Amino acid sequence: MMRSVLRHALEGAAAGLLATWAMDRVTTAGYRLEPEEARRREYEARGGRTADAIMLERTARRFGRDFDKEDVALAGEWLH
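Keep in mind that this is a model prediction, so the values were computed, not measured.

K.L.:
Honestly, the overall build of the protein chain in this entry has me stumped. Any pointers?
P.N.:
Across its full length, the protein chain holds 4 helices and 0 strands. Counting helices and strands in the order they occur from the N terminus, the protein chain gives α-α-α-α. In terms of C-alpha radius of gyration, the protein chain reaches 18 Å, well past the compact-globule figure of 12 Å for 80 residues. Along the longest, intermediate and shortest principal axes, the C-alpha atoms of the protein chain span 50 × 40 × 20 Å. When the 80 residues of the protein chain are sorted by exposure, 11% land in the buried category. Per element, the accessible surface of the protein chain, about 7,300 Å² overall, is 62% carbon and sulfur.

K.L.:
Help me understand the pattern of salt bridges, please; the structure alone is not making it clear to me.
P.N.:
Side chains that differ in sign of charge can pair as their charged atoms come close. Evaluated as defined, the whole model comprises 9 salt bridges. In this structure, the salt-bridge partner of E11 is R7, at a minimum N-O distance of 3.1 Å. Remark: R7 and E11 occur in helix α1 (residues 2-33); sequence separation between them is 4 residues, near one turn of the helix. Taken together, the salt bridges that share partners define one network made up of E37, R40, R41 and E44.

K.L.:
Whenever I open this one, helix α3 (residues 51-62) confuses me. Can you help?
P.N.:
Helical periodicity: at 3.6 residues per turn, an α-helix aligns residues three or four positions apart in one direction. The end-to-end C-alpha separation of α3 is 17 Å, in line with the 16 Å expected for 12 residues at 1.5 Å each. G64 occupies a position one or two residues after α3 and carries a positive phi of about 75 degrees.

K.L.:
Explain a nonpolar patch on the surface to me, please; I cannot follow it from the model alone.
P.N.:
There is a patch of nonpolar side chains on the surface, built from M1, M2 and V5 and spanning about 410 Å² of accessible area. Take M1: it is sitting in the segment before α1.

K.L.:
Looking at this structure, I do not really get the environment of A53. What am I missing?
P.N.:
Inspection of the secondary structure puts A53 in helix α3. Considered as a pair, A53 and E77 are 24 residues apart in the sequence and their alpha carbons are 8.4 Å apart.

So, how was this worked out
- Numbering of residues starts from 1 in each chain and follows the order in which that chain's sequence is written.
- In keeping with the predicted nature of the model, local features appear solely for residues at pLDDT of at least 70, side-chain atom pairs appear and are counted solely at 80 or more, and the whole-chain, interface and lining totals rest on all residues.
- Calculation of side-chain values draws on the structure's entire complement of heavy atoms; hydrogens and water are dropped beforehand.
- Helix numbers and strand numbers start at the N terminus; a helix is a DSSP run of H or I with at least 4 residues, a strand a run of E with at least 2.
- A radius of gyration in this sense is built from C-alpha atoms; the matching globule rule multiplies 2.2 Å by the number of residues raised to 0.38.
- The buried label goes to any residue with under 20% of its type's maximum accessible area, the exposed label to any with over 50%, and the partly exposed label to all in between, with areas taken from a 1.4 Å probe on protein chains only.
- Per-residue and other accessible areas follow the Shrake-Rupley method at a 1.4 Å probe size, with only the shown protein chains counted as cover for residues.
- When a carboxyl oxygen of Asp or Glu lies within 4 Å of a side-chain nitrogen of Lys or Arg, that pair is called a salt bridge.
- Here a helix's expected span is defined as the number of its residues, less one, multiplied by 1.5 Å.
- Here, patches come from residues exposed beyond 30% relative accessible area and free of salt bridges, joined within 9 Å for like charges and within 5 Å for nonpolar side chains (Val, Leu, Ile, Met, Phe, Trp, Tyr).

Here is the structure:
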């Protein structure tokens, strides 16, 4: 039983690593193909913040919480 749980955990970790690697490659390729002007407009629309930071701020507000910039940056990186 314990071996089975450990095996599944290791398989899940390996699958997660592979999926992360693959998504990184796809995202990087897509970013390189995106026109600079489109990237600039998106950046401006987000107010210079990442999409992760915006989501975290909105979620925190919904629960009556407020994070400073350092908290948002740290949590945004972890969340991503």
